[in-house]
Amino acid sequence: MEHTIAAISTSTMSSGGISIVRMSGKDAIEIADKVFVSKKNIRLSEVESHTVHYGSITDRNGNIIDEVLAVVMRAPNTYTREDVVEIDCHGGILVTRKVLEALIGAGASPAEPGEFTKRAFLNGRIDLSQAEAVIDVINSKNEYALKSSVSQLDGKLSEKIKEIREMILNHVAYIEAALDDPEHISLDNYVQNILNDVDKCVESVNKLLKTSDNGRIMRDGIRTVILGKTNAGKSSLLNALAREERAIVTDIEGTTRDVLEEQINLGGITLNLTDTAGIRNTDDYVESIGVEKAKKYAQEADLIIFVVDSSRPLDKNDEEIISLIKDKKVLVLLNKSDMKREISREDLSRLERFKTVSVSAKNETGLEELEQAIKEMFFEGKISFNEEIYITNVRHKNLLSEALDSLNMVKSGIELQMSEDFLTIDLMTAYEKLGMIIGEEVEDDLADRIFSKFCMGK
Ligand code: GDP
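Residues numbered from 1 in each chain as written. Predicted model: local features only at pLDDT ≥ 70, side-chain atom pairs only at ≥ 80, totals over all residues. Heavy atoms only, no water.

> Describe in detail helix α2 (residues 93–105), supporting the description with residues and values.
Residues separated by three or four positions in an α-helix point in the same direction, a consequence of the helix having 3.6 residues per turn. Taking 1.5 Å per residue as the helical rise, α2 with its 13 residues ought to reach 18 Å, and the 18 Å between its terminal C-alpha atoms agrees with that figure. Every buried residue belonging to α2 is among V95, T96, V99, L100, A102 and L103, and all of these are buried. Buried residues along α2 cover an arc of 155 degrees about the axis, so they all sit on one side. Opposite its buried face, α2 presents the exposed residues L94, E101 and G105, each directed more than 90 degrees away. Backbone geometry just downstream of α2 places G107 in the positive-phi region, at approximately 125 degrees. (Helix = DSSP H or I, 4+ residues; strand = E, 2+ residues; numbered from the N terminus. Expected span 1.5 Å × (residues − 1). Buried < 20%, exposed > 50% of the residue type's maximum accessible area, 1.4 Å probe, protein only. Arc of directions from axis to C-beta.)

Here it is as structure tokens:
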């Protein structure tokens, strides 16, 4: 990489105690020396790697901009594998900008969004799926999403992909060797070996693909709709959830004015609640949003929370909702558990095909059970990160599906007794598709597209 880049690496949205301006490239240390004046009169080009130095940054005229710490890290043990200098300055937006300007004035170029991570990728420190994990770590909305991204960053997904690819490549190599040298290498009965391994690959890819639904949910949240007749306790439930000690609530303006989405982060899972404005502001939710809209919400939702007033028998409004939701993932909340239960046994048994939890929105009891029930419905009760890898990225999911298609083509090729060299075509396609996940087979502009999603300074 020719030029040395610089950017503000901490948030530029607000002032904080300190900010970090980072530089990477072969001239990073030399450039820093032009604007950094050490208190001890030392030059950064003479210090040891991975050391911190106290001094100030001066402008062109020698005026002090700020008192700073300079961290010198020499290649290759750095984020980008290039020489890196970080300047810790005071956190004001103006002062941070001036420090950056001083570095640019001394010869650095402003970095593109994601350019530091792109260099880490291009210099071979991380692969593409790990680079994508960096974005995901930054954007993680909840604890599980964060854990999953960190595990991907650590290379768990890459390892798995490499393992599958190696299995495929071995066969391609063997077949090609045998075709080149049929006298010494035999292909007799070899297809059985291919079939065994392709079955293993199909199983692994399928296993990864299966996690992608939960992966999306983990990363972006569970699209949730709360349904229930008037006075069942929907808005009380919302308020109770929002007050939960472990819940963090954010309002998100929807694309249309009448849809207000609210996000509740509940003990590590994120619920994206649709149209809570309707719940909070109207007496009759289903009626106010209209049955058609309720139907649409129900169809699009990952989870429907059906609030039932258990102190009264079910009525035709409940029936109507039950018919709307019969094929969906539903959690029935038998609300008002503090009052005498008046739902008939018969009705209860009709609700039993859904998962049910007793709660009292008023007394805020049963909410932990609610949280646990949701975890069971979406993550089989637990999310373990020891072995499990979650596919949280749509690009990875699509490539896995394409690899799976090719592997299945290999299988049907074997069934049709196609020749081995024909099988290698589909084997190679699967190999390449999987390679694209980790960036071994990068399409020209793909890396650029991925890195442009980054924030500045990363
Ligand atoms: P919504 O129309 O479904 O949003 O229902 P609300 O949340 O407005 O509640 C309707 C009424 O039921 C209010 O008077 C609430 O105080 C009451 N309510 C809600 N949840 C409970 C509960 O768990 N126990 C009792 N006893 N009353 C509740």
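> I'd like to hear about the pairing of strand β2 (residues 18–24), residue by residue, with values.
Across the seven residues of β2, five count as buried, placing the element largely inside the fold. With four bridges joining them, strand β1 (residues 5–8) and β2 adopt antiparallel strand pairing. By the bridge assignment for β2, A7 is matched with R22. (Pairing = 2+ DSSP bridges.)

> Give a description of the site of the ligand that names residues and reports values.
Around the ligand sit 15 residues in total, of which N231, K234, S235, S236 and D338 are the nearest. Here the ligand loses 75% of its free accessible area of 580 Å² to cover by the protein chains. Of the residues belonging to the shell around the ligand, the class tally is three nonpolar, seven polar and five charged. (Near = heavy atom within 4 Å. Areas by Shrake-Rupley, 256 points an atom, 1.4 Å probe, with all protein chains shown as cover. Nonpolar A, V, L, I, M, F, W, Y, C, P; charged D, E, K, R; others polar.)

> Residue-level account of the pattern of salt bridges, with values.
Counted under the stated rule, the structure contains 23 salt bridges. A salt bridge links R312 to D315, with the nearest nitrogen and oxygen atoms 3.9 Å apart. For D315, a relative accessible area of 25% gives the class partly exposed. Close ionic contact of E342 with K340 constitutes a salt bridge, the shortest N to O distance being 3.4 Å. On the accessibility criterion, K340 (60% relative accessible area) is exposed. (Salt bridge = Lys/Arg side-chain N within 4 Å of Asp/Glu carboxyl O.)

> Which residues make up the nonpolar core, and what values do they have?
The nonpolar side chains of a soluble globular protein tend to be buried, and buried together. Core analysis: the biggest nonpolar cluster contains 33 residues, and I168, I194 and L400 have the highest contact counts within it. Every residue in contact with I194, bar those within four places of it in the chain, is listed here: H171, I175, V410, I414, L423 and L427. I222, A232, L241 and I305 belong to the second largest nonpolar core, which has 31 residues in total. (Core = buried A, V, L, I, M, F, W, Y, C linked by side-chain atoms within 4.5 Å. Contact = heavy atoms within 4.5 Å.)

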